Amino acid sequence: MWLKPEEILLKNAFKLWVTEKDNEYFVLQRRRGYGEGGGGLTGLLVGTLDTVLDSTSKVAPYRILHHTPDSQVYWSIACGVTKEEIVQHWDWLQQNIMRTLSVFDSSEDVTSFVQGKIRGLIAEEGKTCLVQEDDPEKFREAHLRFEKWFELPPGEKLVTYYSCSYWKGKVPCQGWLYLSTNFLCFYSYLLGAEVKLVISWDELWRLEKTSNVILTESIHVLAHGEDHYFSMLMHLNETFVIMEQLADYSIKRLFDKESFQREPLKKPRLEANAKSEQFRTFFRLPKEENLLEVHESFLWVPFSHFNTLGKICLSENYLCFASQDGSQCHVIIPMREVVNVEKPDSSSRALTVCVRGKRALRFSEVRDYQRLANTIRSRCGINASPQHSASSEVMCCDCFICAILLLFKLHPLKEKMKEQSWNIHFSEYGRGTSMFFTRKTRDLIVRGVPEALRGELWMLFSGAVNDMATHPGYYTELVEQSLGTSTLATDEIERDLHRSLPEHPAFQSDTGISALRRVLTAYAYRNPKIGYCQAMNILTSVLLLYAKEEEAFWLLVAVCERMLPDYFNRRIIGALVDQAVFEDLIRENLPQLVEHMTDLSFFSSVSLSWFLTLFISVLPIESAVNVVDCFFYDGIKAILQLGLAVLDYNMEALISCHDDAEAVTILNKFFDSVTNKDSPLPPTVQQASVGNNDKASHISVDISELIREAYEKYGNIRSEEVESSRKRNKLYVIQTLEDTTKQNVVSKLRVTSTGLEQASQYVQHFLSCYWTMNSPALLHHDPSLAYLEQYQLGFQQFSMLFSLLEPWAFCSIKSTLSLWVFRLIDENQDGLINFKEFCCALDTLYTGSFTNKLKFLFKLHLPPGNLSIKLSGRGKVDLQAYLKQWQNEILKKEESIKDLPRINQTQFIQFSKTLYNIFHGDPEEELLYRAVAHVTSLLLRMEEVGRRLQEPSSPPESKKPANSTVGEESSTEESSTTPESSDTSSSHNSQDLSETEWSFSFEQVLASLLNEPAIVSFFERPVDIQTKLGLAKVAQLKSKTNK
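This one's a predicted model, so the numbers in the text were calculated from it and none came from an experiment.

1. What to know about the overall build of the protein chain
Step number 1: Helix and strand counts for the protein chain come out as 45 helices and 25 strands.
Step number 2: Burial statistics for the protein chain: of 1043 residues in total, 52% are counted as buried.
Step number 3: Here the protein chain has roughly 48200 Å² of accessible surface; of this, 52% comes from carbon and sulfur atoms.

See the structure below:
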């Protein structure tokens, strides 16, 4: 590998290099301790030094230096892993450079020419190189070490690397941490002791930052039940963010094939993604927005009359500001709302942004204020659109649905008092999309939102107002396209329509039901990946009570796609993750409850409906909407806080419980007793879903007081901590789900009891093809299928994996037998092998009876396993009928040996060869060979006798030549695939045979082999599966070529 020329002073240096070749201008050297002679103690010391100092010499022990006769300065220009590689570079220099150097008069000109030539070679290589980094030269060297040390597949791409210490037991090993697309790797070499670690990202159970007495700060990784700690990192936070992104990337690739992007991952892109995710989550922005610029500045806050310090965050369509001085003030300004950017003030480095509604925001002390002003102007010019003008103002004046207001007469006094408080707030802090969010805003939310403003504020706090403003007419188009469609989602929607708040009058008429149908159907049409899930109907019903139909749709989008990610799908992963976060918070904030109930899984089962429906399904509707208010303002943090408050309120009763059923009863009674004294609804509606007897037997609790208590006691929980905990627990939840699902899958397989114990281990090796094989195996992953069939391999991946795991080493990767096995176990003939098919085949070979093993090998040499290449090209031989017949046989619960087709001459010869291959290398190989020969001779004699006995009933001679001619033209393999060859009647088969052909039934082969004790004992001999699996795992991580 050519290197960027670097100056090296050899005078008085340690004798670490040995000169192999030299001439007037170049020197070829070998690192001491490598190559011939080893080096003894010197070699160990040199190797340790190379690893600790991150020397290229550890993996490239050969180098070429350039020098001139009158100088002691040398320049490194090339390195090589092998002597052959470095000799190629040496020869190139001899042929292309040496002749040219003689024309230069001075040493400086020679050195300048050589350096320019080498840089030109590196530039040419860089054009085709897949690896690009800020420092390409240093990164190329690191990538070379990564490939050499870990021997991963050639397509594996290094993302970044760091110097760190890895704690193996109580002893730290100084080395290098390498993070690639699919693997976390570590390498250390100290005094001859080599430490090498390779962990696939999809195997991680935990990834977190930790600290203790010994390790002040470290990164903890849990994989395969083992804990790994990495410390002494110069940039620990940066390293952790990259690791989080790569782990999350592997999860998305596993569960979200459609949106999975296969572009090469790079460190800058991963860091930018992490910042953009945090930016979108905090400001509730659409997922298309990316953080482009960040500027520190002061913002003039008119209601407080002072400048607050914070950061300006700029994306494609939004200008946002968040304070950093503890005032908890932030504001979101859509570019579509900006009408002007005034001329910047150079004295205070300030710029003023004018928005609709005659409002202006003044940012001061902005370092690059002139460029920021120009950027905002350009983006406003691009994004401004007449149809979006005054969108927020329209929303403010008429945003509520009149279902409740028309059906009931509200309590005007309480509602007017709430509205007056909010109007005062709007006059001070603004109204609409550019409103200031402050502590006072949260205080008003906790006290309760007036019915008339609830829809408007939900739209504002959730960010749904921006989605609707930037997609005019989108909902109407969706409704038109989705109405009349019939899918599984629409069927489920129709079934649940009348179960959505059935006690509420708004959904006892066709008006409410029709609106609910349109919103749910439109969303299922928009996002078929989610479609429709239970609990969406309950949530949407509440949204429709306070928001217009289109607004309810966009609120549903915000909840499902941003605020509660991965909640509404088949596995409800998001809800399970938040339950794990909830358990962590219980351990931290309610230690008394933890001491009494050591198993917190009870709270997970109880709280699932809390998270899925935002407490709507457990609280009376008039109380639940107050919880929804807090949720749209603070996100999942509000639900977690309220959950802690509920458990804290019932602490004494829960501690005194004797079983889970009693605890559930206590919580249900508590929820039934929650009331809303400020609710404008009449008592008949408030008590529609709650029994009067239950209310009388329990002291009532006001929802506003409960929420206030939740914020007072647990308001110190930060949203950033919740998001961090979500990421940490997501790995654990997914791995737990995977393990549970694998165990369920294994238990459903039709395998023997012994095979059942090993089947779960097959899963890991089967799935490893998705991450360690250099192939597009992910293209075959379909999460919509049953787990048994989700993961599928093509022939290339199958042959590599099967050759590692099959017990007798009779199938090499490129052998014809491997193809036959693939065709045989491919039950649905789709050209892919799923886990069920793969596992059942291995179970037969490892733990099946002698008869089943022999039947597998026998069928291996019949269609569809043994198909000639000619047939696949011709396509329309009578093969379809035979394949259909064969598939029907496979689908039978129990296959009778009498149903198997007869094996013809060519197939039997190949069957015998397969037995010879299986027995090759066995200690009793000679005895087994003689047994096979004896069986073959016996079967031939039996066939000859049978033919002679049936000669009088054979067909006339005139009919034989036709069949014989067809057989000669279509070859023996083709004749074996015709329907006649699969006839189970031995008499019919014998009539179709010519004088030179013979065939055997499986019963004949089995009976003959059972008379050979050596063969029977060989197939009944147990195979050490654990050793085979261990060797397979090691082999999978090795490269095709060992250097």
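2. Thoughts on the UniProt feature "domain: EF-hand" (unreviewed entry) in the protein chain
Step number 1: UniProt's entry tags residues 821-848 with the feature "domain: EF-hand" (unreviewed entry), counted in the numbering of this structure.
Step number 2: Spanning residues 821-848, this segment combines 64% helix with 7% strand, and its end C-alpha atoms are found 16 Å apart.

3. Examining the sheet that holds strand β17 (residues 338-341)
Step number 1: Strand order in the open sheet made by the seven strands is β16-β15-β14-β13-β19-β18-β17, with antiparallel pairing throughout. Both outer strands of the open sheet, β16 (330-334) and β17, are each paired with one neighbouring strand and no more. If you compare each strand with its neighbour and ignore which way they point, the axes differ by 30° on average.
Step number 2: Direction of pairing for strand β14 (residues 306-314) relative to strand β15 (residues 318-323): antiparallel, over a ladder of five bridges. Within the sheet, the bridge partner assigned to Lys311 lies in β15 and is Ala322.
Step number 3: This element, helix α7 (residues 267-283), spans β14, β15 and β16 of the sheet and lies at about 80° to β15.

4. So, the packing of helix α22 (residues 601-613) against helix α26 (residues 660-673)
If you want to describe how two helices pack, look at the angle between their axes and the distance between the axes.
Step number 1: Taken N-terminus to C-terminus, the directions of α22 and α26 make an angle of 30°; their axes are 11 Å apart at the nearest point. With respect to each other, α22 and α26 are oriented roughly parallel. Considering only the axes of α22 and α26, their crossing is right-handed. Contacts between α22 and α26 involve Phe602, Val606 and Trp610 on the former and, on the latter, Asp660, Ala663, Val664, Leu667 and Phe671.
Step number 2: Grouping the constituent residues of the contact of α22 with α26 by class yields seven nonpolar, no polar and one charged.

5. Points about the pairing of strand β2 (residues 17-22)
Step number 1: In the sheet, β2 pairs with strand β3 (residues 26-31) via five bridges, with the strands oriented antiparallel. By the bridge assignment for β3, Val18 is matched with Arg30.

6. Details of the pairing of strand β6 (residues 158-168)
Step number 1: Along β6, nine of the eleven residues are buried, which leaves the element largely enclosed by surrounding structure.
Step number 2: Pairing between β6 and strand β7 (residues 171-180): ten bridges, direction antiparallel. Within the sheet, the bridge partner assigned to Trp167 lies in β7 and is Pro172.
Step number 3: Pairing of β6 with strand β12 (residues 226-231), which is carried by three bridges, proceeds in the antiparallel orientation. Residue pairing across strands places Ser165 opposite Ser231, the latter belonging to β12.

7. What about the packing of aromatic side chains?
Step number 1: Under the defined criterion, the tally for this structure stands at 50 aromatic pairs.
Step number 2: Plain terms: the ring middles of Phe139 and Tyr161 are 6.3 Å apart, the flat faces sit at 50° to each other, and that makes the pair tilted. Pair noted here: Phe139 is in helix α5 (residues 136-150) and Tyr161 is in strand β6, with a separation of 22 residues, a long-range link.
Step number 3: For Phe139, a relative accessible area of 4% puts it in the buried group.

8. Comments concerning the sheet that holds strand β11 (residues 218-223)
Step number 1: Here we have seven strands laid out as an open sheet, ordered β9-β8-β7-β6-β12-β11-β10, and antiparallel in their pairing. Of all the strands in the sheet, the pair left with one neighbour each is β9 (193-200) and β10 (204-210). Ignoring which end each strand starts from, the neighbouring axes of this sheet average 30° apart.

9. A few points about the side chain of Asp922
Step number 1: If you trace the backbone, Asp922 turns up in the loop between α39 (905-919) and α40 (925-950).
Step number 2: Residue Asp922 is classed as buried on the basis of its relative accessible area, which comes to 11%.
Step number 3: What Asp922 contacts, discounting residues up to four positions off in sequence, is Leu928, Phe1018 and Arg1021.

10. Structural notes on the packing of helix α13 (residues 451-462) against helix α19 (residues 549-563)
Step number 1: Relative to each other, α13 and α19 sit at 35°, their axes nearing to 10 Å. α19 is crossed by α13, and the crossing has left-handed handedness. Judged by residue contacts, Trp458, Met459 and Ser462 of α13 engage Glu551, Leu555, Ala558, Arg562 and Met563 from α19.
Step number 2: Considered class by class, the residues forming the contact of α13 with α19 number five nonpolar, one polar and two charged.

11. Describing the pattern of salt bridges
Step number 1: Scanning the model with the defined rule gives 36 salt bridges in all.
Step number 2: Of the charged contacts, one joins Arg708 and Glu712 as a salt bridge, the two residues approaching to 2.6 Å between their closest N and O atoms. With Arg708 and Glu712 both in helix α29 (residues 703-714), this residue pair falls four residues apart, about one helical turn.
Step number 3: For Glu712, a relative accessible area of 57% corresponds to the exposed category.
Step number 4: A cluster of three or more residues bridged by salt bridges with shared partners is formed by Glu20, Arg30 and Lys83.

12. Concerning the environment of Cys313
Step number 1: Checked against the element boundaries, Cys313 lands in strand β14.
Step number 2: Taking C-alpha positions, Cys313 is 6.7 Å from His295, a pair spaced 18 residues apart along the chain.
Step number 3: With residues up to four places along the chain from it excluded, the contact list for Cys313 reads Phe279, Phe283, Leu291, Glu293, Tyr318, Leu319 and Cys320.

13. Topic: the nonpolar core
Step number 1: Phe568 and Trp610 are the most contacted members of the largest nonpolar core, which totals 140 residues.
Step number 2: Looking at which element gives the most residues to this core, the answer is α19, with ten residues.
Step number 3: Ignoring any residue separated from it by four or fewer positions in sequence, one finds Phe568 in contact with Ile530, Cys533, Gln534, Ala535, Met536, Leu539, Val559, Cys560 and Leu612.
Step number 4: Residues Leu793, Leu801, Ala841 and Phe908 belong to the second largest nonpolar core, which totals 49 residues.

14. Describing α26
Step number 1: Over its 14 residues, α26 runs 20 Å from end to end, which matches the ideal 20 Å to within 8%, given 1.5 Å per residue.
Step number 2: Where α26 is buried, its residues contact α22, α24 (636-649), α25 (651-655), β20 (674-675), β21 (701-702) and α29.
Step number 3: One side-chain oxygen at the N-terminal end of α26 lies 3.3 Å from the backbone nitrogen of Ala661; it belongs to Asp659.

15. Some details on unusual backbone geometry
Step number 1: In the Ramachandran plot, Arg284 falls in the positive-phi region, its phi being about 55° despite a non-glycine side chain.
Step number 2: Its place among the elements puts Arg284 in the loop between α7 and β13 (293-301).
Step number 3: Even without being glycine, Asp566 reaches a positive phi, approximately 65°.
Step number 4: You can see Asp566 is positioned in the loop between α19 and α20 (573-589).

16. Structural notes on the confidence of the model for the protein chain
Step number 1: On average, the protein chain scores 76 in pLDDT, and the residues at 70 or more come to 74%.
Step number 2: Contacts from residues 53-59, a stretch scored under 50 in pLDDT, to residues over four places away or in other chains number 25 contacts.
Step number 3: Counting contacts from residues 769-778, a segment whose pLDDT is below 50, to residues more than four positions away or on other chains yields 38 contacts.

17. Comments concerning the environment of Pro1022
Step number 1: In this structure, Pro1022 sits in the loop between α44 (1013-1020) and α45 (1025-1036).
Step number 2: When the C-alpha atoms of Pro1022 and Pro807 are compared, they prove to be 9.9 Å apart, with 215 residues separating the residues in sequence.

18. As for a negative patch on the surface
Step number 1: The grouping of Asp70, Asp105, Glu108 and Asp109 at the surface amounts to a negative patch.
Step number 2: Note that Asp70 resides in the loop between β4 (62-66) and β5 (73-80).
Step number 3: With relative accessibility at 60%, the residue Asp70 sits in the exposed group.

19. Concerning the environment of Arg718
Step number 1: Following the sequence through the fold, Arg718 ends up in the loop between α29 and α30 (719-748).
Step number 2: Residue class for Arg718 comes out partly exposed when judged on its relative accessible area of 44%.
Step number 3: Between the C-alpha atoms of Arg718 and Asp634, which are 84 residues apart in sequence, the distance is 9.9 Å.

Scoring rules and cut-offs
- Residues numbered from 1 in each chain as written.
- Predicted model: local features only at pLDDT ≥ 70, side-chain atom pairs only at ≥ 80, totals over all residues.
- Heavy atoms only, no water.
- Helix = DSSP H or I, 4+ residues; strand = E, 2+ residues; numbered from the N terminus.
- Buried < 20%, exposed > 50% of the residue type's maximum accessible area, 1.4 Å probe, protein only.
- Areas by Shrake-Rupley, 256 points an atom, 1.4 Å probe, with all protein chains shown as cover.
- UniProt positions renumbered as here; feature names shortened; annotations may be inferred.
- Pairing = 2+ DSSP bridges.
- Axes fitted to C-alpha atoms, helices over the stretch in contact; angles between N-to-C directions.
- Contact = heavy atoms within 4.5 Å.
- Parallel < 35°, antiparallel > 145°, perpendicular 65-115°, else oblique.
- Left-handed = near helix turned anticlockwise from the far one by under 90°.
- Nonpolar A, V, L, I, M, F, W, Y, C, P; charged D, E, K, R; others polar.
- Phe/Tyr/Trp six-rings, centres within 6.5 Å; stacked < 30°, edge-to-face > 60°.
- Salt bridge = Lys/Arg side-chain N within 4 Å of Asp/Glu carboxyl O.
- Core = buried A, V, L, I, M, F, W, Y, C linked by side-chain atoms within 4.5 Å.
- Expected span 1.5 Å × (residues − 1).
- Polar contact = N/O pair within 3.5 Å; in protein donor to acceptor, adjacent residues only side chain to side chain.
- pLDDT = per-residue confidence, 0-100.
- Patch = residues over 30% accessible without salt bridge, like charges linked within 9 Å, V, L, I, M, F, W, Y side chains within 5 Å.
- Lys, Arg positive; Asp, Glu negative; His and termini not counted.
- Charge placed at Lys NZ, Arg CZ, Asp CG, Glu CD.

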